[in-house]
Amino acid sequence: MFSLFKKFKDGLTKTAQSIVASVGGMFGIKPIDTSTLDKLEESLFSADFGLPTTEEILGEIRLAMKKEKELRGQEAGRIGATVLRRVLAGSEGTLRFVEGSPTVIALIGVNGSGKTTTAAKLGFDLAEDGRKVLLAACDTFRAAAIEQLKSWASRLKLEIIAGQHGADAAAVAFDAWQAARARGFDALLIDTAGRLHTKSNLMQELAKIRRVLQKHDPAAPHYSLLVVDGSLGSNSIEQARVFHREFGLNGLVVTKLDGTSKGGALVAIYRELRLPIYFLGLGEKPEDLQPFSIDNYVHAVFGLEEAQDRN
Ligand code: GDP
């Protein structure tokens with residue numbers, strides 16, 4: 001059977017490997033000692049969970065060790081999972097579609113973060129669910145981005161509206177919105193530029209896209225999702241902070257988690273910005289973009305099997 005958990009487990013293997021290796025291969029029945037705890041602390045820290053979360057996990061494990069004479073590895077794993085679940089409470093984003101007009105999802109972020117790929121994968125996922133999806137290639141600054149989205153669209157049989165290289169991105173977004181509205185599309189996915197000459201040009205362009213859309217639908221874009229390159233680990237926090245401050249976001253997508261052992265960073269980002277996480281990029285294939293699930297994530301990073309740590 002197709003298992004969502006397996007996708008998380010496979011995609012987060014690198015992160016899980018270093019954490020699980022720190023406790024000698026698994027959170028098993030062997031009691032843990034202080035030197036194992038030190039290694040666990042180090043591995044959580046290098047997976048970029050951030051200091052407060054790492055300290056909370058270690059603090060609760062130490063407390064349990066004081067209470068029990070012996071604490072088994074699996075108990076320690078369970079405690080870690082419980083802490084992560086608590087820190088991540090409220091972080092699962094769920095797309096809600098509006099009736100009667102397209103739900104507009106703008107994908108925002110720096111070049112290379114995975115916006116174009118995410119637009120295509122998300123379009124594919126929504127189309128698989130039976131939704132009518134239109135892609136809008138609004139990174140008119142980069143000719144390659146337009147071509148890349150067109151090629152994804154033809155591979156995945158998705159409809160697309162693309163402007164010419166150098167065209168006004170807001171005008172392309174508006175054309176796409178009109179087409180989506182006139183033809184009864186459920187979702188409009190807007191791929192935006194990641195780099196203009198200066199940061200303020202980029203923010204102005206994003207703001208213009210929003211302004212133009214809002215003249216026709218004050219609620220659009222319904223989702224302004226920052227696409228964050230998960231392999232940058234906690235270095236991406238500053239980027240997220242800037243986009244949130246200057247543009248205003250309402251959610252995150254974290255990509256490329258399959259290529260990194262720093263998969264804890266999303267916890268640190270959520271902890272700081274409190275923005276819900278909608279999707280994770282767990283591989284290169286279209287079906288590797290998965291809706292964020294706290295349970296699947298937590299189990300996968302601790303190398304636990306599904307439901308193993310539930311009472
Ligand atoms: P953009 O500049 O933000 O539009 O970024 P792209 O969508 O062009 O992505 C940059 C690179 O990251 C491409 O080579 C993608 O194939 C790759 N990529 C994006 N998401 C993922 C992911 O979840 N996993 C992996 N392994 N690669 C990804």
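Look up a bit, the structure's there.
Residues numbered from 1 in each chain as written. Predicted model: local features only at pLDDT ≥ 70, side-chain atom pairs only at ≥ 80, totals over all residues. Heavy atoms only, no water.

A. Structural context of empty space enclosed by the protein. The full count for this structure, using the stated rule, is two cavities of 30 Å³ or more. For the largest cavity, the calculated volume is near 40 Å³. Every residue along the wall of the largest cavity is listed here: Val 228, Asp 229, Gly 230, Gly 233, Ser 236, Val 254, Leu 257, Lys 262, Gly 263, Ala 265, Leu 266 and Ile 269. For the lining of the largest cavity, the secondary-structure elements that each account for two or more residues are β5 (223-229) and α11 (265-273). In terms of residue count, α11 provides more of the lining of the largest cavity than any other element does, three residues in total. The computed volume of the second largest cavity comes to approximately 30 Å³. Considering the residues around the second largest cavity, the lining is formed by Ala 106, Ile 108, Thr 192, Leu 206, Ile 209, Arg 210, Pro 221 and Phe 247. Counting residues per element, the ones that place at least two in the lining of the second largest cavity are β1 (103-108) and α9 (199-214). In terms of residue count, α9 provides more of the lining of the second largest cavity than any other element does, three residues in total. (1 Å grid on protein atoms, 1.4 Å probe; cavity = no way out; pocket = protein on both sides within 12 Å on 5 of 7 lines; lining within 4 Å. Points joined across faces, edges and corners; volume = space filled by probe spheres on them. Helix = DSSP H or I, 4+ residues; strand = E, 2+ residues; numbered from the N terminus.)

B. Broad picture of the packing of helix α2 (residues 13-22) against helix α3 (residues 34-46). Here α2 crosses α3 at 165 degrees, and the two axes come no closer than 8 Å. What the angle tells us is that α2 and α3 run roughly antiparallel. For the crossing formed where α2 meets α3, the hand is right-handed. Packed against α2, whose contacting residues are Ser 18, Ile 19 and Ser 22, the element α3 presents Thr 36, Lys 39, Leu 40, Ser 43 and Leu 44 at the interface. Along the lines of polarity and charge, the residues of the contact of α2 with α3 split into three nonpolar, four polar and one charged. (Axes fitted to C-alpha atoms, helices over the stretch in contact; angles between N-to-C directions. Parallel < 35°, antiparallel > 145°, perpendicular 65-115°, else oblique. Left-handed = near helix turned anticlockwise from the far one by under 90°. Contact = heavy atoms within 4.5 Å. Nonpolar A, V, L, I, M, F, W, Y, C, P; charged D, E, K, R; others polar.)

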